[in-house]
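Now for the letters of each chain:
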Amino acid sequence: MTALKSKWGDREARREDILAAARTCLAEQGLQALNIRDIARMAQLSPGTVYTYFASKEELYATLYAERMEALLEELRPVCAAAPDLESLFIAIAELYLPMYRLYGRELNVWSRQRVAGREPTALELRLLSASRNLFAPVFSAALRLSADEQLIRAYQARPGEVMALCWICLTGLAEHYSGDRGQMHGQTYEAVARLTIRTLLAGLKSLTPPEDPTNTNQG
């Protein structure tokens, strides 16, 4: 680990040092093994100082994840604008999502289990939820723009929330599968399986929405 050190009195820079140290420790140890002492040592601060910025390692993790989700949104915008078709859009998103999931997504279940059931979400938890939901808008807009097929457009418009949730579930399943050793068991590449996934999704959505009857003009 490379130690970090900011000028004394620069509170924002010290906060960034703590986050940078936590990010490195998370990548090396995972959330369960993450501890404030290691983060403090790397940031060249006392554990007590770290606690004045973040109440727990769970709060640190949620802050890092929210910031990464917000950064992913900015990465997605040009991808959504430049994609020539739906398959290319899905593949580009999958390529961006995999490294983020490897570092943060796999730990989300651990973090979620440590939350207190029944209490109101904190401001940080709401920020994390908002960052996640904000990813949908540019993707959904791009999907509508790239859909030349009227059946797909009607499927998106009829079930927007369900369609986006299904796509995200598929992305998460792909990322989980290829974040460990499972992908080596069958020898298929991440991209190849992602392509089959989006083709299957599109075919399934089209099958849910029958083509319009050209003889039905709805004239009174």
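Not measured: the values here are computed from a predicted model.

Help me get a handle on the packing of helix 8 (residues 136–146) against helix 9 (residues 150–158), residues and values and all.
Packing of helix 8 against helix 9 brings their axes to within 9 Å, and their N-to-C directions diverge by 155°. Taken together, the axes of helix 8 and helix 9 are roughly antiparallel relative to one another. In the packing of helix 8 onto helix 9, the handedness of the crossing is left-handed. Contacts between helix 8 and helix 9 pair Phe 140, Ala 143 and Leu 144 from the former with Ile 153, Tyr 156 and Gln 157 from the latter. Across the contact of helix 8 with helix 9, the residue classes tally to 5 nonpolar, 1 polar and no charged.

Now, about the state of the cysteines: what can you tell me, with residues and values included?
If you walk through the whole model with that rule in mind, you get 0 disulfides. Free cysteine Cys 167: the closest other cysteine sulfur is in Cys 170, separated by 6.6 Å.

Just give me the short version of the pattern of salt bridges, but keep the residues and values in it.
Oppositely charged side chains may form a pair once their charged atoms are brought near each other. For the coordinates displayed, the defined rule picks out 11 salt bridges. Two residues, Arg 195 and Glu 191, come together in a salt bridge whose shortest N-O distance is 2.9 Å. Taken together, the residues Arg 195 and Glu 191, both in helix 12 (residues 190–208) and 4 residues apart, mark about one turn of the helix. A relative accessible area of 25% places Arg 195 in the partly exposed class. Judged by relative accessible area, Glu 191 falls into the partly exposed class, the value being 34%. Counted as one network, the salt bridges with shared partners bring together Glu 87, Glu 191, Arg 195 and Arg 199.

Mind laying out the side chain of Thr 197, listing which residues take part and the relevant values?
With respect to the helices, strands and loops of the structure, Thr 197 is situated in helix 12. The exposure class assigned to Thr 197 is buried, which follows from its relative accessible area of 16%. In this view, Thr 197 contacts Phe 90, Cys 170 and Leu 174; residues no more than four positions away in its chain are not counted.

Just give me the short version of the nonpolar core, but keep the residues and values in it.
Generally speaking, a soluble globular protein has its nonpolar side chains buried in company with each other. Counting residues in hydrophobic clusters, the biggest one holds 65 residues, and the most contacted among them are Ile 18, Ile 39, Leu 60, Phe 90, Tyr 97 and Tyr 156. Apart from residues lying up to four places away in sequence, Phe 90 is in contact with Cys 167, Leu 171, Leu 174, Ala 194, Thr 197, Ile 198 and Leu 201.

Requested: an account of the packing of aromatic side chains, with residues and values cited.
Aromatic ring pairs are described here by two measures, namely the spacing of the ring centres and the angle between the planes. Overall, the coordinates contain 8 aromatic pairs when judged by the stated rule. With centroids separated by 5.5 Å and ring planes inclined at 75°, the aromatic side chains of Phe 136 and Trp 168 adopt a geometry described as edge-to-face. Placement of the pair is Phe 136 in helix 8 and Trp 168 in helix 10 (residues 160–179), with a sequence separation of 32 residues. Judged by its relative accessible area of 12%, Trp 168 is buried. When the ring of Tyr 178 is compared with that of Tyr 190, the centres are 5.4 Å apart and the planes differ by 75°; the resulting orientation is edge-to-face. Here Tyr 178, found in helix 10, pairs with Tyr 190, found in helix 12; they are 12 residues apart in sequence, far enough to count as distant. The structure contains a cluster of three or more aromatic residues connected by ring pairs, namely Tyr 97, Tyr 101, Phe 136 and Trp 168. A cation sits over an aromatic face here: Arg 11 above Tyr 53, 4.1 Å from the ring centre.

About the thresholds
- Residues numbered from 1 in each chain as written.
- Predicted model: local features only at pLDDT ≥ 70, side-chain atom pairs only at ≥ 80, totals over all residues.
- Heavy atoms only, no water.
- Axes fitted to C-alpha atoms, helices over the stretch in contact; angles between N-to-C directions.
- Helix = DSSP H or I, 4+ residues; strand = E, 2+ residues; numbered from the N terminus.
- Parallel < 35°, antiparallel > 145°, perpendicular 65-115°, else oblique.
- Left-handed = near helix turned anticlockwise from the far one by under 90°.
- Contact = heavy atoms within 4.5 Å.
- Nonpolar A, V, L, I, M, F, W, Y, C, P; charged D, E, K, R; others polar.
- Disulfide = S-S within 2.5 Å.
- Salt bridge = Lys/Arg side-chain N within 4 Å of Asp/Glu carboxyl O.
- Buried < 20%, exposed > 50% of the residue type's maximum accessible area, 1.4 Å probe, protein only.
- Core = buried A, V, L, I, M, F, W, Y, C linked by side-chain atoms within 4.5 Å.
- Phe/Tyr/Trp six-rings, centres within 6.5 Å; stacked < 30°, edge-to-face > 60°.
- Lys NZ or Arg CZ within 6 Å of the ring centre and 35° of its normal.

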